[in-house]
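# Chains, contacts and geometry: an overview
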Amino acid sequence: MTQLALIIDLNVCVGCHACVTSCKEWNTSGSAGFMTDENPYGKDPTGTFFNRVQTYEIGEFPSTETLHFPKSCLHCEDPPCVPVCPTGASYKRKEDGIVLVDYDKCIGCRYCSWACPYGAREIDEKQKVMKKCTLCVDRIYDEELPESERKPACVLACPTNARLFGDVHDSESEVSSTIREEGGYQLMPEWGTKPANHYLPRRKTRMHIHEDELQRADNPLKKEERGPRAPVDAPTLDDSTSW
Amino acid sequence: MAVIHDPLQKPEGRIETKNTTCYMCACRCGIRVTLRDGEVRYIQGNPEHPLNKGIICAKGASGIMKQYSPARLTKPLRRKEGSNRGDSEFEEISWDEAFGIMEERLAHLRATDPKKFALFTGRDQMQALTGMFAKQYGTPNYAAHGGFCSVNMAAGMIYTMGGSFWEFGGPDLERSKLLIMIGTAEDHHSNPMKMELSKFKRNGGRFISVNPVRTGYSAIADEWVPIKPGTDGALFLALIHELIRTGLYDREFLVQYTNSAELVSTDEDSDDFGLFARTDIPQDPDCFDPQDRVWWDRTQDKAVHARTKETDPYLLGEFKLADGRDAKPAFQLLKDRVEDYTPEWAAEVTGIPAETIKRLAYEMGITARDEKIELPIAWTDVWGNDHDTVTGNPVAFHAMRGLAAHSNGFQTIRALTILMTILGTIDRPGGFRHKAPFPRPIPPCAKTPKSPDDVKPNTPLNGMPLGWPATPDDLFVDDKNEPVRLDKAFSWEFPLAAHGMMQNAITNAWRQDPYPIDTMMIFMANMAWNSTMNTTSVRDMLNDKDENGEYKIPYLIVCDAFQSEMVAYADLVLPDTSYLERHDTISMLDRPISEYDGPVDSVRIPVVPPLGDTKPFQEVLIELGSRLKLPAFANKDGSRKYRDYPDFIVNYETEPGSGIGFLAGWRGKGGEKFMKGEPNPNQWEMYEKNNCVFHYEMPKSYQYMRNWNRGYLNWAQEHRLLRYAEPINIHIYSEILMNFRLAAQGKREGKQPPEHLRKRVETYFDPLPFYFEPLENHLTDKHKYPLNAVTQRPMAMYHSWDSQNAWLRQIHTYNFMYVHPKTAAAAGIKDGGWMWAESMHGKVRCLCRYSESVEPGTIWTWNAIGKSKGAWRLDDKANESEKGFLLNHVISEELPPHEAGKHISNSDPNTGQAAWYDVRVRIYPAGDDEPKESYPQFDAMSALPGTGKTQKVIGFFAGMFRKKTG
Amino acid sequence: MHPAFSVIFLTTLIGAGQGLFLALITGQSYSALKLLPSQDSTDFYGMGAVIVLLLLIGGLIASFFHLGHPERAWRSAAMWRTSWLSREVIALPTLMGLVFVYGVMQFMGWDTVLFTSAAGANLQLTMIVGIVGALATFALFLCTGMIYACLKFLQEWHSPLTVINYTLLGTASGFILATAFANHNAPELMNFFGIWAIIITLAAFITRAASLMRNSRIKAKSTMQTALGVRHNKIQQKAMGFMGGSVNTRDFFNHASVLMMRNMKWIFIVLAFIIPLITLWYGMSQADTSWLLAAFLIQYVGLIAERWFFFAQANHPQNLYYQTV
Ligand SMILES: Nc1nc2c(c(=O)[nH]1)N[C@H]1C(S)=C(S)[C@@H](COP(=O)(O)OP(=O)(O)OC[C@H]3O[C@@H](n4cnc5c(=O)[nH]c(N)nc54)[C@H](O)[C@@H]3O)O[C@H]1N2
Ligand SMILES: Nc1nc2c(c(=O)[nH]1)N[C@H]1C(S)=C(S)[C@@H](COP(=O)(O)OP(=O)(O)OC[C@H]3O[C@@H](n4cnc5c(=O)[nH]c(N)nc54)[C@H](O)[C@@H]3O)O[C@H]1N2
Ligand code: SF4
Ligand code: SF4
Ligand code: SF4
Ligand code: SF4
Ligand code: SF4
Ligand SMILES: [Mo]
């Protein structure tokens, strides 16, 4: 069984928001219809987005880490948002594990958003249907696109390649091996939702200097040493004998 | 309502894709635009583009909201008779009228006193054209944003090694093992930098960030080294001290490729004191940089002609030349200089523990020495030595405005360049790499005029409007040694102001110092807001009248694409197209997008028709040039030479028959040549077919050590990138600076500084890097104003111009002042509370946010998020103006009066770089009775004729949007 | 959570309707067992059913305000296998249908006695419909309560007490209404309903107090650490990724001050339990319909406050990601 997902590498995410706006851009003219923006030029502008990037500070000065944290629907393997939906508009696809909302069926009751512990669903305040990340299902299977572009818009956009896309059930896949090797983890494991999306933690490269690395055989200062030179006019043998 | 349905269905519509180049920022990524029924549906990074390889940023991906923004100007506008500047009362006029007005005015000025016309351009990318227009017109008063941006970076490095960060070169992160990034938050090369940083980290590279603040790229640094603003020079000098002390420098590199071993006369009494000792071996009289220096050879223990085969010089020591003069190798002078700059000393200055400074030095030195890279690439140096390999010391640096935007930036950046040099990392794998057309001779050959006589009616300027002085005699001053340019660049106040000093243009024009001007044309610069210091006063100056009721700055023409703060002050507004609507070139004559492996330039090709009556500024200049019959734009008989901008680009040559034009790709009749070749009528089509870029990948053997690489230098000379194929040796010791100092000391013939500036020039034109506190610190009561205040760029906003963007402004709707919790608490300011930040020049009221990722002596905010009411077509209640604020109100464009003068620009004394980050402030809470809004506030700007409707709700759906919004 | 008034009205109105219906059926059962005098089918049971139906319809109408697409509401019965909301959507009209049938039968007098016991107790046709209706009422209480109780990460709601409280609070308000109604239309039943109303209100008070106590001791299972997957005890959000608010800040936060929360708790304790009990007692003692009605109305207001508090107190784990509101 396939489970498509995103892997977000917090080690390289610089918090640029490219994934946020490229997602909006792709989806606002896509099958989700338009994605509403309210007060776009006024006080407290707000709108529907499928993906947001947040910033946290961890620790205290000077050992502070600034963490950028992108979050969209995690396509849970056991998605609590799906069974609660009264209309069946929310569903999880058998073939690839993507959790979707059928906008034609949704009555906009918001119940599924209550049932998502991650705050990943956003009702569109004008279209009055529940929306969320579709994993760009309308891109990834589109045969009219070149194969290299059959990826979510946010993945194509991400300047640091912090967003990997693939099948987390295929243990051979790049995403699976990355999760294994880089310590990929899931958010709020306590609820048993088994998010398909994984996060990769910060990884530090450190350098250890050994004292002896500073005592160098090739120390160029040695070349600057000029043997002690006695002044030319101080007395020598020449001054006292002749042979 | 747009169709909405199951996400698996595909919306209908006619789909087409077109390539062009992004211009949501200066990075200039290749983009692919998908249109549905003629409307922009999707903008993605062009995967085949060498710069961004398919990636895009938050701004680039929000291009749709820029394209369809209601703040777009669509009509030429004239200020209504009787209204004041700043009232934003305009009437629509036709382009014919607009051209008529400009032609009459500019023709008159050109025939009488061309310097009364000033052209200043902001964050644009067409200096090749604007600069050439100014030169053709004959005015010296031209500059682009460099002076208020990062000229310190350019000048500090170019005067030292012939290349620089910024758009001219960068760190080779593909091969580096250690990256030290200093004072950079986002930068120009922003997308590629992000891509490379991530690859670098994943390859196990170690990333250290030196910055008072941990945001931007620094967020993912392995180590954050917080530093007090303006003190990096001290850090670099201490690192150099430690590297020399421990012998962790690259001796071979210093000997051969720098002037380290060259002997400098140290005899105070000799008339060549401070200059290099020279041999009398005959030199080619046409050469740029005579190779006539002297080494002291270790084996023969005597002076020899530098770089004589089989000799090996001392880097340290003190020697007596044949004629009895004392001399020391430049490196000994450097060692003497850094003697007292110990890590312990620097710890006091920078706030970085001495242990950390030492460890950083060892990490750099040991990585450079022990992780050496040998690439099997054979090359030959200019002196004829063959090398089987290219060596690299994989320590890379990157730095930008955190260094540049301080008044001590030039010397700081010299120190950094020297640090990079002693580690042996210049144009080598894993270190710093140049990008064509760099490296250039030190300094580059372009020169400004040298006398007021070079400015004549109806005549092109005799020289370039901007250039690189090599000696005091290159200064652009009159016979009293006073400035000729309005901004005083290239005068004794700012001798090396290579990018001009736009930041002073308005103040000087208003004060009519050094002289009054008549017409100022401003293109793509928001000088009534964020590209100006002391914003409130500058706005008043723009609107100020003399006793006769005439404006002090008589006529202002503004070319903008949006309803910006600046537009309100215009007498004439020229509505520009958007980047998706015009032809444009990113030219080798300006700052191209070259890669380390070779030259790259690119173009924009319209993907949608121009909105309303907008007209590309490019076309405006071609039209004006033709009407004014400027030689480059008119035939002998006065008739128009170029149909339009695309035609100009194809056919223009820098000189008749030079074969050099704006575009380097597909030259020659059939497009078979590059860099140089006859005009090709199908050049645009060829660019279009090739993703809008031209990329020439040089042979591997030309890609490194280009300052000294014979193959490369000859190639560059042949393709006219360079005039001279000579070595570009690194200036550890700067004789150029010494010459200015000698002039100031009265020890040199030729142009002399005015008396009140002698001391200043003598002090700051030190041939060796040194540390001094930023100028404003000398003139501020540091107890009263204990904190530094700086800004940084948010990745999702470009300067002031993205607040009209409905998506981006949701991310940054207003800005906080970030303050360390202890600092804020000590001042009694609450997290989320209103506070004041006050400098000796002005104050702002703003919202405070506690942050653990800022050095406690520094406060910071995002740049240019705050807006003036009503600008950018935002509602009067928009958060940008109610809660957002602009730090510029507390920064002054001039220093308080001191011995160098009453109105000295708040800029680096060498280069004229605007010292944005020198300002010192104190903070205190806002009273409970104060209004809960930011300060200062300005009267609301009303909607200009021709701008769009702002709706309460938008739902963008390409192909249906325009119909819906009308 | 942000209290949604449509949902508050929905649950309180149908709760009262359900409670009233249970009261009618209880009364009718007692009568059938000859424990109470029997009542006029039109004036009491018929009119009672009308009031029940009005309350249910009122609730239904309120619920439509919660839907983005009420015209598609019919779709919401589809997922009864998994969704308590879907089950509620089935249970509510079912109950309404049964109440309607019950009322019509009472009005029309279609009330054949099916069976008479030795003791003289009658099993009437309406009684059968009534009992089925009562079952539907309990089913509806269960569905409504479970809509909230089944969300396990809303720890304040995830408890049997949620269902019990919904049931008891609705029943209590229905019985108080029944007391007032009886005083007007069947005075001899007033005390019967009144005493039950007091008992149920007290029971509701106890279970609601129990849930207040439980909630005050809840330790949130999700923390900043589990939300981000970062092990450090000092984590602070600096930016949410947007500044003008979003659905996440509007729907999931109560935007109420601590003071307001505390006040609201006391308000609902006083208005839903204490004053109604006193008023009820006084109204019963005076046999005054206005006082009894007042008891109902005051309690209804109290229940609105209670439901507001119920929402506002629930702390959604998503809020961990939206701290800089
Ligand atoms: N998204 C986006 N990208 C942009 C722009 C934009 O507006 N938005 N603007 C473009 C332009 S015009 C420019 S010039 C570039 C500039 O790009 P950057 O050079 O990255 O510019 P700043 O954001 O000014 O960042 C300066 C950094 O220096 C730090 N700093 C300040 N003082 C000191 C100091 O004394 N020492 C050290 N070590 N650090 C210090 C600040 O904390 C900040 O992190 O960005 C370009 N790219
Ligand atoms: N406090 C503080 N101030 C700073 C800085 C800082 O770090 N701190 N940084 C400084 C630096 S490095 C720079 S480069 C300056 C930048 O300052 P500016 O050059 O003033 O940059 P913008 O604010 O982007 O304003 C550019 C103008 O160009 C207009 N524009 C946008 N697109 C187009 C177009 O296609 N055509 C035309 N004709 N106009 C267009 C915009 O509407 C806007 O009015 O700011 C400086 N100001
Ligand atoms: S993240 Fe939320 S919306 Fe997405 S599948 Fe999981 S529970 Fe459902
Ligand atoms: S809002 Fe739509 S998708 Fe969510 S539960 Fe209701 S009907 Fe289902
Ligand atoms: S996968 Fe598609 S829908 Fe989901 S966040 Fe990325 S771009 Fe948005
Ligand atoms: S695009 Fe990539 S780097 Fe930028 S915020 Fe999103 S995940 Fe992070
Ligand atoms: S970095 Fe972003 S805004 Fe700048 S050119 Fe590239 S895509 Fe455009
Ligand atoms: Mo800049």
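What you see is a predicted model; the values in this text were computed from it and never measured. Per chain, residues are indexed from 1 in the order of the written sequence. Working convention: letters from A go to chains and numbers from 1 go to ligands, in the order in which they are written. Since the coordinates come from a predicted model, pLDDT governs what is reported: local features require at least 70, and pairs of side-chain atoms require 80 or more to be given and counted, while whole-chain, interface and lining totals use all residues. Only heavy atoms go into the side-chain values, all of them from the structure, while hydrogens and water stay out.

Our next topic: the overall build of chain A. Summing up its helical and strand segments, chain A has 6 helices and 11 strands in all. Each radius of gyration is computed over the set of C-alpha atoms, and the globule rule expresses the reference value as 2.2 Å times the number of residues to the power 0.38. The C-alpha radius of gyration computed for chain A amounts to 30 Å, which surpasses the reference 18 Å derived for 243 residues by more than 25%, pointing to a less compact arrangement than a globule. Expressed as a percentage of its 243 residues, the buried residues of chain A come to 66%. By the convention used here, residues are in contact when the closest approach between their heavy atoms is within 4.5 Å. For chain A, the share of sequence-separated contacts (at least 6 apart) that also reach a separation of at least 24 residues comes to 57%. When the accessible surface of chain A is summed, it comes to about 9000 Å², and 52% of that surface belongs to carbon and sulfur atoms. Strands are runs of DSSP state E lasting at least two residues, helices are runs of H or I lasting at least four, and both sets are numbered from the N terminus onward. For the exposure calls, accessible area comes from a 1.4 Å probe over protein chains only, and a residue counts as buried if that area is under 20% of its type's maximum, exposed if over 50%, partly exposed in between. Note on areas: these come from Shrake-Rupley sampling with a 1.4 Å probe, and a residue is covered only by the protein chains present in the view.

On to the overall build of chain B, then. Secondary structure summary: chain B contains 26 helices and 35 strands in total. By the compact-globule yardstick of 30 Å for 966 residues, chain B fits well, its C-alpha radius of gyration being 27 Å. The 966 residues of chain B split such that 71% are buried. Contacts in chain B between residues far apart in sequence, at least 24 positions, make up 71% of those at least 6 positions apart.

Take helix H10 (residues 289-313) of chain C next. If you check H10 of chain C, its first and last C-alpha atoms are 35 Å apart, about what 25 residues at 1.5 Å a residue would give, namely 36 Å. What qualifies as a polar contact is a pair of N or O atoms within 3.5 Å, subject to a donor-acceptor requirement within protein and to the restriction that residues adjacent in sequence count only when both atoms come from side chains. Its side-chain oxygen 2.8 Å from the backbone nitrogen of Ser-290 of chain C, Asp-288 of chain C forms the N-cap of H10 of chain C. Expected span of a helix: the number of residues minus one, times 1.5 Å.

The next subject is the pairing of strand E13 (residues 294-297) of chain B. All names here are of chain B. Side chains of E13 alternate between two faces, with Val-294 and Trp-296 and Trp-295 and Asp-297 buried alike. Pairing between two strands requires that DSSP report at least two bridges joining them. One ladder, built from 4 bridges, connects E13 with strand E14 (residues 302-305); its direction is antiparallel. Bridge pairing links Trp-295 to Val-304 in E14. What sits between E13 and E14 in their antiparallel hairpin is a turn of 4 residues, with Asp-301 showing a positive phi close to 50°.

Any Phe, Tyr or Trp ring, taking Trp's six-membered ring, that has another such ring centre within 6.5 Å forms a pair; planes under 30 degrees apart are called stacked, those over 60 apart edge-to-face, and the others tilted. Applying the stated criterion to the full structure yields 78 aromatic pairs over all chains. Where Phe-648 of chain B meets Phe-662 of chain B, the ring centres are 5.3 Å apart and the plane angle is 70°; that geometry is what we call edge-to-face. In this pair, Phe-648 of chain B is assigned in helix H17 (residues 645-651) and Phe-662 of chain B in the loop between H17 and helix H18 (683-689), connecting sequence segments 14 residues apart. You'll find Phe-648 of chain B and Phe-662 of chain B in the same group, each marked buried. Members of the aromatic cluster, each reached through a chain of ring pairs, are Tyr-111 and Trp-114 of chain A together with Tyr-148, Trp-157, Tyr-166, Phe-310 and Phe-311 of chain C. Consider the ring centre and the ring normal. A charge sits over the ring if Lys NZ or Arg CZ is within 6 Å of that centre and within 35 degrees of that normal. Lying over the aromatic face of Phe-816 of chain B, Arg-849 of chain B brings its terminal NZ or CZ to 4.1 Å of the ring centre. The lysine or arginine in question, Arg-87 of chain C, covers the ring of Trp-84 of chain C, its NZ or CZ lying 4.3 Å from the ring centre.

Before going further, it helps to examine the packing of helix H1 (residues 5-32) of chain C against helix H6 (residues 190-216) of chain C. All names here are of chain C. It is the contact of H1 with H6, at a shortest axis distance of 11 Å, that shows an interaxial angle of 125°. As summarised for this structure, H1 and H6 are arranged oblique, according to the angle between their axes. As for how H1 packs across H6, the hand of that crossing is right-handed. Side by side, H1 and H6 meet where Ala-23, Thr-26, Gly-27 and Tyr-30 of the first sit next to Phe-192, Phe-193 and Trp-196 of the second. Classifying every residue of the contact of H1 with H6 by side-chain character gives 5 nonpolar, 2 polar and no charged. Structural elements are reduced to axes, namely lines fitted to C-alpha atoms, with helices fitted over the stretch in contact, and the angle between N-to-C directions of any two is expressed from 0 to 180 degrees. Roughly parallel covers angles under 35 degrees, roughly antiparallel covers those over 145, roughly perpendicular covers 65 to 115, and oblique covers all other angles. We call a crossing left-handed when the near helix sits turned anticlockwise from the far one by less than a right angle, and right-handed when that turn is clockwise. Each residue receives one of three labels: charged for Asp, Glu, Lys and Arg, nonpolar for Ala, Val, Leu, Ile, Met, Phe, Trp, Tyr, Cys and Pro, and polar for the others, Gly being one of them.

As a further point, take the interface of chain A and chain B. As a measure of interface size, the accessible area lost when the parts come together is often cited. Of the residues lining the interface, 90 residues belong to chain A; the matching set on chain B comes to 102 residues. Two parts placed together each lose some accessible area; with a 1.4 Å probe, that loss summed over both constitutes the buried area. Each partner contributes to the roughly 7800 Å² buried at the junction of chain A and chain B, and carbon and sulfur atoms together form 54% of this total. It is Glu-25, Tyr-41 and Phe-61 of chain A in chain A that bury the most area against chain B; as a group they hold 12% of the surface buried on that side. We define a salt bridge as a contact between a side-chain nitrogen of Lys or Arg and a carboxyl oxygen of Asp or Glu at a distance within 4 Å. Linking chain A to chain B there are 6 salt bridges.

What follows is about the site of ligand 3. Around ligand 3 sit 13 residues, and of these Cys-73, Cys-76, Cys-81, Cys-116 and Arg-121 of chain A come closest. Taken together, the residues of the shell around ligand 3 break down into 10 nonpolar, 1 polar and 2 charged. One heavy atom within 4 Å of a molecule or strand makes the whole residue count as near it.

The subject of this paragraph is the site of ligand 7. Neighbouring residues of ligand 7: Cys-22, Met-24, Cys-25, Cys-27, Arg-28, Cys-29, Ile-56, Cys-57, Lys-59, Gly-60, Ser-190 and Asn-191 of chain B. Residues of the shell around ligand 7, tallied by class, amount to 7 nonpolar, 3 polar and 2 charged.

Next up on the list: the interface of chain A and chain C. Taken together, the contact between chain A and chain C spans 52 residues of the former and 60 residues of the latter. Of the roughly 4600 Å² buried at the junction of chain A and chain C (both faces included), carbon and sulfur atoms supply 58%. Counting the contacts that link chain A with chain C gives 3 salt bridges. Here Arg-250 of chain C ties to Glu-125 of chain A by a salt bridge, and the two come within 3.1 Å at their closest N and O atoms. Our count for the contact surface shared by chain A and chain C stands at 39 residue pairs in polar contact (both at pLDDT 80 or more).

Residues and elements named next belong to chain B. Locating Asp-292 in the fold gives a position in the loop between strand E12 (263-265) and E13. Polar contacts involving the side chain of Asp-292 include one to the side chain of Arg-278, which spans 3.3 Å. Asp-292 has contacts with Ala-277, Arg-278, Thr-279, Gln-283 and His-305, leaving out every residue within four places of it along the chain.

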